[in-house]
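# Structure at a glance
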Amino acid sequence: MAKTKTAFFCQNCGTQYAKWVGQCPACKEWNTLVEEVIHKEEKPAWNTSEKASKRSSKPLPINEISTEKEQRINTYDQEFNRVLGGGLVPGSLVLLGGEPGVGKSTLLLQIALRLPYRTLYVSGEESQKQIKMRANRIFPDSSTCLILTETKTQQIFQQIEATQPDIVVIDSIQTLHSDYIESAAGSISQIRECTAELIKFAKETNTPVILIGHITKDGTLAGPKILEHMVDTVLQFEGDRNYVYRILRALKNRFGSTAELGIYEMQGGGLRQVNNPSEILISKNDEGLSGTAIASTIEGMRPLMIEIQALVSSAVYGTPQRSTTGYNAKRLNMLLAVLEKRAGFKLGAKDVFLNITGGISVDDPAIDLAVIAAILSSNEDIAIDKGICFAAEIGLAGEIRPVQRVDQRILEAEKLGFTTIYVSKNNKIGLKNTVITIQRVSRIEDVIKRLFE
Ligand code: TYD
Ligand code: MG
């Protein structure tokens, strides 16, 4: 009997070692080495040596390389297209990560069902019946979407040969298994081998492949970091399972920006694209409640109105609590210090809770002024008029600083019916004929005067 061959793989970076060591010499992480059985035959699963040799590539001067043919495949999902940078690139490998139950399978199945191209949806997690039941809820019927339940890459490639799909979806990479490696599905060496086979397939046939990847408890994609290096695009699907909104963002994109954001709403019949996110992120509350302020922020290329809620109350224990949802806690502490020093507010004896509604998180400094306004509004227990919104950054000296793309923010506020927007005095505004009143302020004191006195 052939001797089983094993090797040690770092679960963090994927480096292979012959012997176990406590600390991975490559990435310096401790206790990440795991023994796995390897047994690799010479022949890879996607054996296209003849095809490859026919069109073996030659070096070309960079100015002679044509980019004209760089076409995009429309996924018929505007949010998905936007995050990808305009659609799927032929031959690219896209990895979609997210926590269990966030809706990864739903999103990709829904896209596959709507596509007019032949799509092969390979599931190693659910049976064909289960998928059909889910599909029934999402989309009436599709004859172009093929469902395959299989986990062996060799079998999958056979079916691909037989059906010639235009797009392949794999749910999920952790369930795949290649015959050339003996270790269990989901192990580092399997993930690496299966991904490598899929990349080869994608590049050689120019077929885009979308992989679903699981996320571990600490929020990173399960499997080695190497997986993220291997694929062209890494997308993350996030959102609290208790909220209905889901956010799709690109963590890495070889073909576009990573600043774009896609927003969906989970409904009984699948995920609905949210084309005008500002409307849903602001609660439609007619009574003026203290402690809320609206900020005009920008995510990617899109302006977005968000609602900030603050609660300021007397600290019950010695150390006041500061807690944030969707906002950087350090930034909150800085803003509180500025308020204390520059505006004379004694917030040291108060608990401050801050929440960005809708379950999204924002790190645009242009929401600083709205954060301060919400805190002051709660502290004074005076509601801010519903028609007011903010777009400015706060400096350490308590000065109100200009923000980028202020025109776009003002237009979005105007579009949504706001009557007044507070911006920095030093912000250059190119807009003319705006209906919205633009309040130009330079210090926190000015804002306090205008809002609460
Ligand atoms: P799923 O796509 O299975 O998540 P993942 O693949 O990321 O693990 O989504 C699971 C959740 O989505 C499940 O809790 C039910 C919910 N859901 C809806 O609310 N509406 C729907 O139409 C579908 C199909 C799922
Ligand atoms: Mg799933």
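Basis of the calculations
- Residues numbered from 1 in each chain as written.
- Chains lettered and ligands numbered in written order.
- Predicted model: local features only at pLDDT ≥ 70, side-chain atom pairs only at ≥ 80, totals over all residues.
- Heavy atoms only, no water.
- Axes fitted to C-alpha atoms, helices over the stretch in contact; angles between N-to-C directions.
- Helix = DSSP H or I, 4+ residues; strand = E, 2+ residues; numbered from the N terminus.
- Parallel < 35°, antiparallel > 145°, perpendicular 65-115°, else oblique.
- Left-handed = near helix turned anticlockwise from the far one by under 90°.
- Contact = heavy atoms within 4.5 Å.
- Buried < 20%, exposed > 50% of the residue type's maximum accessible area, 1.4 Å probe, protein only.
- Near = heavy atom within 4 Å.
- Polar contact = N/O pair within 3.5 Å; in protein donor to acceptor, adjacent residues only side chain to side chain.
- Areas by Shrake-Rupley, 256 points an atom, 1.4 Å probe, with all protein chains shown as cover.
- Nonpolar A, V, L, I, M, F, W, Y, C, P; charged D, E, K, R; others polar.
- Pairing = 2+ DSSP bridges.
- Expected span 1.5 Å × (residues − 1).
- Phe/Tyr/Trp six-rings, centres within 6.5 Å; stacked < 30°, edge-to-face > 60°.

All right, on to the packing of helix 5 (residues 153–163) against helix 6 (residues 188–205) then. Orientation of helix 5 relative to helix 6, taken along the N-to-C sense of each, is 15°, at an axis distance of 11 Å. What the angle tells us is that helix 5 and helix 6 run roughly parallel. You can see that helix 5 and helix 6 cross each other, and the crossing is right-handed. Residues T153, Q154, F157 and I160 of helix 5 lie in contact with helix 6, whose contacting residues are C194, E197, L198 and F201.

Time to look at the environment of I215. You can see I215 is positioned in the loop between strand 8 (209–214) and helix 7 (225–230). Among the residues examined, I215 registers a relative accessible area of 12% and is labelled buried.

In this section: the site of ligand 1. Neighbouring ligand 1 are 15 residues; G101, S105, T106, Q267 and G270 lie closest to it. Between an oxygen atom of ligand 1 and a main-chain N or O atom of V102, the distance comes to 3.4 Å. T106 is positioned with one of its side-chain polar atoms (N or O) 2.6 Å from an oxygen atom of ligand 1. For ligand 1, the accessible surface in isolation is 560 Å², of which the surrounding protein chains cover 74%. Counting only elements with at least two residues in the shell around ligand 1, the list comes to helix 3 (104–114), helix 4 (128–138) and strand 11 (261–267). Sorting elements by how many residues they give to the shell around ligand 1 places helix 3 first, with three residues. Looking at the shell around ligand 1 residue by residue, the class counts come to three nonpolar, eight polar and four charged.

This part covers the environment of K203. Topologically, K203 is positioned in helix 6. The class for K203 is partly exposed, based on a relative accessible area of 42%. For the pair formed by K203 and L93, sequence separation is 110 residues and the distance between their alpha carbons is 8.7 Å. Polar contacts involving the side chain of K203 include one to the main-chain carbonyl oxygen of G91, which spans 3.1 Å.

What holds strands together in a sheet is hydrogen bonding between their backbones, with the strands either parallel or antiparallel. Spatially, the three strands line up as an open sheet ordered 2-1-3, and their pairing is antiparallel. Edge strands, defined here as strands with exactly one partner in the open sheet, are strand 2 (16–17) and strand 3 (33–38). Relative to the sheet, helix 6 contacts strand 1 (5–10), strand 2 and strand 3, its axis offset from that of strand 1 by approximately 90°.

Looking now at the pairing of strand 10 (residues 245–253). Most of strand 10 sits out of view: seven of its nine residues are buried. From the end of strand 9 (residues 233–238) to the start of strand 10, which pair antiparallel, there are six residues, and G239 there has a positive phi angle of about 150°. Inspection of the sheet shows strand 10 paired to strand 11 by five bridges, in the antiparallel sense. Across the sheet, the residue bridging to L248 is G262, located in strand 11.

Let us now look at helix 10 (residues 368–380). Spanning 13 residues, helix 10 covers 18 Å between terminal C-alpha atoms, matching the ideal 18 Å at 1.5 Å per step. What helix 10 keeps buried is the set D368, L369, A370, V371, I372, A373, A374, I375, L376, S377 and S378. Following helix 10 by one or two positions, D381 adopts a phi angle in the positive range, close to 55°.

Let us now look at the packing of aromatic side chains. Counted under the stated rule, the structure contains four aromatic pairs. Each ring, one from F157 and one from F201, has its centre 5.7 Å from the other, and the planes form 50°; the classification is tilted. Residue F157 is found in helix 5, and its partner F201 is found in helix 6; the two are separated by 44 residues along the sequence. Residue classification places F157 among the buried positions, given a relative accessible area of 4%.

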